[in-house]
Amino acid sequence: MGGVDYGERIPNNVGLAEDRRLQRALESWQPRFLRWWEELGPSQFSRHDVWLRTAVDVGQEGWANFDYVRMPEYRWGIFLADPEPDRTIGFGAHRGQEVWQAVPGEYRADLRRLVVVQGDTEPASVEQQRHLGATAPSLYDLRNLLQVNVEEARHLWAMAYLLHAYFGADGREEASLLLERHSGDQDRPRILSAFNEPTPDWLSFFFFTYFTDRDGKFQLHSLAESGFDPLARTTQFMLKEEAHHMFVGTSGIGRVLARTAELMVAHDTDDVRPFGAIDLATIQRYLNFHFSVTLDLFGADTSSNAATYYAEGLKGRFHERERADDHQLHGSTYPVSAVRDGRIEVVEVPALQALNQVLRDDFVADCTKGLARWNRILAESGVSERLFLPHVGFNRQVGTFAGVAVSPEGRVLSPEDWAHQSSAWLPSRDDRAFVASLMQPVTAPGQMVGWIAPPASGIAGKPVDFAYVRAA
Ligand SMILES: [Fe+2]
Ligand SMILES: [Fe+2]
């Protein structure tokens, strides 16, 4: 692959300088993007030096550079992973054919929809997180938040590039709309509901990056299988950045638990609130909320759209190539849940119809690993309580379980029982107010606020007490 062109206004490895029309279109989108960043991004840190990672190459080694950057000067670029020679479509009706370098006319509307929905989530999360910097538990955490923010904005660039480069006038229109819909906006909300929920505090942020960025991982993996090669290569590179976002969530919750457990043992109590930490019951309620809201992002359990995207070769399964089947799913079935007479049953449906459920099951399996890690922290601290993932039917608004009251253990409840008990399972107003009361900013290098343990190590070889963010 040709190297990255940093002499350009828009760093890229897609040969932008050779396509003047596209370059002009993106250069006219760029100031509107910057205006959006200034208005709805973490603008109170515009003048700070932030120790940030910037993507500078797509190779296996050394793809990122770390340095102090002022965020409005961050080099948001367009990077596609190296092309795979002789790549063929791995699934669906076109399996075995050469991948597409242009949008097949008959799939244009479906492909554009996939790009728009993915693209819409990227700036949405920046908007949701824009106030968190004011209450960061440490400079280390502040830097991680801002890193996630600039990279989600780069993911917006990645999708805006595809729209501009491959979808003509309607693509340009869609790229504009990515900057016009806003998280939580009454009139023009973001497309998916989890991206209109506020992220009001750092406990929410850590669970968001654990669960909702992980949904992103699974969506990107299935798009990385696409027969439309530019989409596959764009999302392959996005996955490199995504890994850090999930690390922020996994390690963030792990550190919250370490601090809570330390105080539980020291004071021989479950009630650590008087000591300025978050009790396990509250942490479990936040977990229940974020897990269930994120499950909705995968869509209906059976979906003819998902079947169509797969058959067309646009969106595959997680690790499609490693699966030992016909990659067309002719005649195969997959188990999904159904609610009948107040009981949850498993029924077999055509596998093609169940692809959302397949992806959601892969996601849940991945979530389970982090849970085990968190529970190890509790065990090693000498605490006997454990966190758990609620039943997939709990608190769902989309799919089979929408409108069905299900307890975290998986019991179907009457609406009255749900009304009585759900406040024990979801964050209450009191929980949220308590967590909000703990959100006190800490701005001295190396210091941590009292509700979270320090990280095991710093970022990219720097110590924990490094000045990750400094006022100019
Ligand atoms: Fe992203
Ligand atoms: Fe992310």
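Sequence positions are assigned chain by chain, starting from 1 and proceeding in written order. Chain labels run from A onward and ligand labels from 1 onward, assigned in the order the entries are written. Reporting of local features is limited, given that this is a predicted model, to residues whose pLDDT is at least 70; pairs of side-chain atoms are given and counted only at 80 or more, and all residues count toward the totals for whole chains, interfaces and linings.

Draft legend 1. Representation of the nonpolar core. Here, a nonpolar core means buried Ala, Val, Leu, Ile, Met, Phe, Trp, Tyr and Cys residues linked by C-beta atoms lying within 7 Å of one another. The exposure scheme places C-beta atoms from the backbone and then counts, for each residue, the other C-beta atoms within 10 Å of its own, assigning buried at 20 or more, exposed at 12 or fewer, and partly exposed in between. Grouped together as the largest cluster of nonpolar side chains are 110 residues, with contacts concentrated most on Ala-160, Phe-207 and Val-256. Here a helix means four or more residues in a row that DSSP labels H or I, a strand means two or more in a row labelled E, and each is numbered from the N terminus. If one sorts the elements of this core by residue count, helix α3 (residues 139–166) sits on top with 17 residues. The contact criterion used here is simple: two residues whose C-beta atoms, placed from the backbone, lie within 7 Å are in contact. Ignoring sequence-local partners within four residues, the contact set of Val-256 consists of Leu-203, Phe-206, Ile-278, Ile-283, Trp-451 and Ile-452.

Draft legend 2. Examining the packing of helix α1 (residues 20–40) against helix α4 (residues 168–180) more closely. Axis definition: a line fit to C-alpha positions, over the contact stretch in the case of helices; interaxial angles, taken between N-to-C directions, run 0 to 180 degrees. Interhelical geometry of α1 versus α4 gives an angle of 10 degrees and a closest axis separation of 10 Å. Taken together, the axes of α1 and α4 are roughly parallel relative to one another. Crossing of α1 over α4 shows right-handed handedness. Each of Ala-25, Trp-29, Arg-32, Phe-33 and Trp-36 in α1 lies in contact with α4, whose residues at this interface are Arg-172, Ala-175 and Leu-179. By the definition adopted for this analysis, an angle is roughly parallel if under 35 degrees, roughly antiparallel if over 145, roughly perpendicular if from 65 to 115, and oblique otherwise. Note: crossing handedness is left-handed where the near helix turns anticlockwise from the far helix by less than a right angle, and right-handed where it turns clockwise.

Draft legend 3. Representation of the pairing of strand β4 (residues 343–350). Within β4, only zero of the eight residues are buried, which leaves the element largely exposed. Sheet analysis places strand β3 (residues 333–340) next to β4, joined by eight bridges and oriented antiparallel. From the neighbouring strand, Val-336 faces β4, where its bridge partner is Val-347. At least two bridges found by DSSP between two strands is the condition for calling them paired. Hairpin geometry of β3 and β4 is characterised by an intervening segment of two residues between the two adjacent antiparallel strands and by a positive phi of about 50 degrees at Asp-341.

Draft legend 4. Highlighting the packing of α3 against α4. Contact geometry of α3 with α4 gives a least axis separation of 7 Å together with a crossing angle of 160 degrees. Regarding the angle of α3 to α4, the classification is roughly antiparallel. Mapping the contact onto sequence places Leu-156, Ala-160, Leu-163, His-164 and Tyr-166 in α3 and Gly-171, Arg-172, Glu-174, Ala-175 and Leu-178 in α4. When grouped by side-chain class, the residues that make up the contact of α3 with α4 number six nonpolar, two polar and two charged. Ten residue types, Ala, Val, Leu, Ile, Met, Phe, Trp, Tyr, Cys and Pro, are classed as nonpolar, four, Asp, Glu, Lys and Arg, as charged, and the remainder, Gly among them, as polar.

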